[in-house]
Amino acid sequence: MDYRDIIELILDEDDFTVGGGSSSAIAGAFGCGLMGMVINLSKGKDYGYSDEKYDELSRELKELKAKFLQGAVNDNEAYMLIVNAYKLPKSTEEEKIARKAAIQNAGIRAAEVPMSNAKLNKRLLEIGEGLLKNSNPACGTDLNAGVEFAKMGIKAGKENVEVNLPLIKDEKVIEEFKKDLETL
């Protein structure tokens, strides 16, 4: 499955395999596209950044966009780990132990992916906020939309981390996630 499939599933209200975590990543990718457009319409003019700075940001946005698109796929895969872990048998004590371990491991992965997407969106927001004062003012609505996509990506990513924390029984791991959430 690639990101195009993920987008189709996000738009399919009858599918339950793709949700807020993948949406967080796709929001970031949208934000990257909008901010990249603003950069291209700001180059060659005196809006605050040099063309070299715009080029540097443009390269970073392309890298972020690729990470976001992969992050959407990764989130779907992490969710399926949870689904499959809950399907494991639990008739014997050994099966119960293996199932609990699989659920915890899936929960950790299902929190790691949206955390990564939220952190990427935080960086995207920083880029957008810098562009607010250093870009073509005729693109203000496009830039504002990109900034809002980044904010939504942070919020949705955080919420997806939080919803997966109850699957994790290791308090040390939970505390690490909570510390990371505070930085967002």
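As recorded in an unreviewed UniProt entry, the chain goes by Formimidoyltetrahydrofolate cyclodeaminase and comes from Peptoniphilus indolicus ATCC 29427.

Visitor: Explain the overall build of the chain to me, please; I cannot follow it from the model alone.
Guide: Counting its regular elements, the chain contains six helices and zero strands. Listing every helix and strand of the chain by position from the N terminus yields α-α-α-α-α-α. Seen through its principal axes, the chain has C-alpha atoms that stretch 70 × 35 × 20 Å. The buried share of the chain, reckoned over its 184 residues, is 44%. Put simply, 75% of the contacts in the chain that link residues at least 6 apart link residues at least 24 apart. Roughly 10000 Å² of accessible area belongs to the chain as shown, and the carbon and sulfur atoms make up 53% of that amount. Within the chain, one finds 25 positive and 32 negative side-chain charges whose respective centroids are separated by 3 Å.

Visitor: Mind showing me how you'd approach a negative patch on the surface here?
Guide: Together, D170, E171, E175 and E182 line one region of the surface with negative charge. Within the secondary structure, E175 sits in helix α6 (residues 171–183).

Visitor: What is the right way to read the nonpolar core from this model?
Guide: Residues M35, L61, L64, F68, L124, I127 and L131 are the most contacted members of the largest nonpolar core, which totals 27 residues. Taken together, the elements giving at least two residues each to this core come down to α2 (20–40), α3 (51–86), α4 (93–132) and α5 (140–164). Among the elements that make up this core, the one with the highest residue count is α3 (eight residues). Apart from residues no more than four positions distant in its own chain, L124 is found in contact with G28, G31, C32, M35, L61, L64, F68 and A150.

Visitor: Just checking my understanding: could you explain the state of the cysteines for this structure?
Guide: Defined simply, a disulfide is a covalent bond joining two cysteines at their sulfur atoms. On inspection of all chains with the given rule, the structure shows zero disulfides. Here C32 stays free of any disulfide, with the sulfur of C139 as its closest cysteine sulfur at 16 Å. Exposure remark for C32: the relative accessible area of 3% places this residue in the buried category. Using a relative accessible area of 4% as the deciding quantity, one classes C139 as buried.

Visitor: Would you mind showing me how to read the packing of aromatic side chains here?
Guide: Aromatic rings considered in pairs are described by the distance between their centres and by the relative angle of their planes. Within this structure, the stated rule accounts for two aromatic pairs. Ring centres of Y49 and Y54 lie 5.6 Å apart, and the angle between their planes is 70°; this geometry places the pair in the edge-to-face category. We note that Y49, like Y54, is buried.

Visitor: I'm lost on the packing of α4 against α6 in this one. Help?
Guide: Between two packed helices, both the angle of their axes relative to each other and the distance between the axes serve to describe the pair. Contact geometry of α4 with α6 gives a least axis separation of 11 Å together with a crossing angle of 15°. Classed by the angle they form, the pair α4 and α6 counts as roughly parallel. As for how α4 packs across α6, the hand of that crossing is left-handed. On α6, the residues that touch I108, A111, E112, M115, K119 and K122 of α4 are V173, F177, D180, L181 and T183.

Reading guide: rules and limits
Residues numbered from 1 in each chain as written. Predicted model: local features only at pLDDT ≥ 70, side-chain atom pairs only at ≥ 80, totals over all residues. Heavy atoms only, no water. Helix = DSSP H or I, 4+ residues; strand = E, 2+ residues; numbered from the N terminus. Buried < 20%, exposed > 50% of the residue type's maximum accessible area, 1.4 Å probe, protein only. Contact = heavy atoms within 4.5 Å. Areas by Shrake-Rupley, 256 points an atom, 1.4 Å probe, with all protein chains shown as cover. Lys, Arg positive; Asp, Glu negative; His and termini not counted. Charge placed at Lys NZ, Arg CZ, Asp CG, Glu CD. Patch = residues over 30% accessible without salt bridge, like charges linked within 9 Å, V, L, I, M, F, W, Y side chains within 5 Å. Salt bridge = Lys/Arg side-chain N within 4 Å of Asp/Glu carboxyl O. Core = buried A, V, L, I, M, F, W, Y, C linked by side-chain atoms within 4.5 Å. Disulfide = S-S within 2.5 Å. Phe/Tyr/Trp six-rings, centres within 6.5 Å; stacked < 30°, edge-to-face > 60°. Axes fitted to C-alpha atoms, helices over the stretch in contact; angles between N-to-C directions. Parallel < 35°, antiparallel > 145°, perpendicular 65-115°, else oblique. Left-handed = near helix turned anticlockwise from the far one by under 90°.

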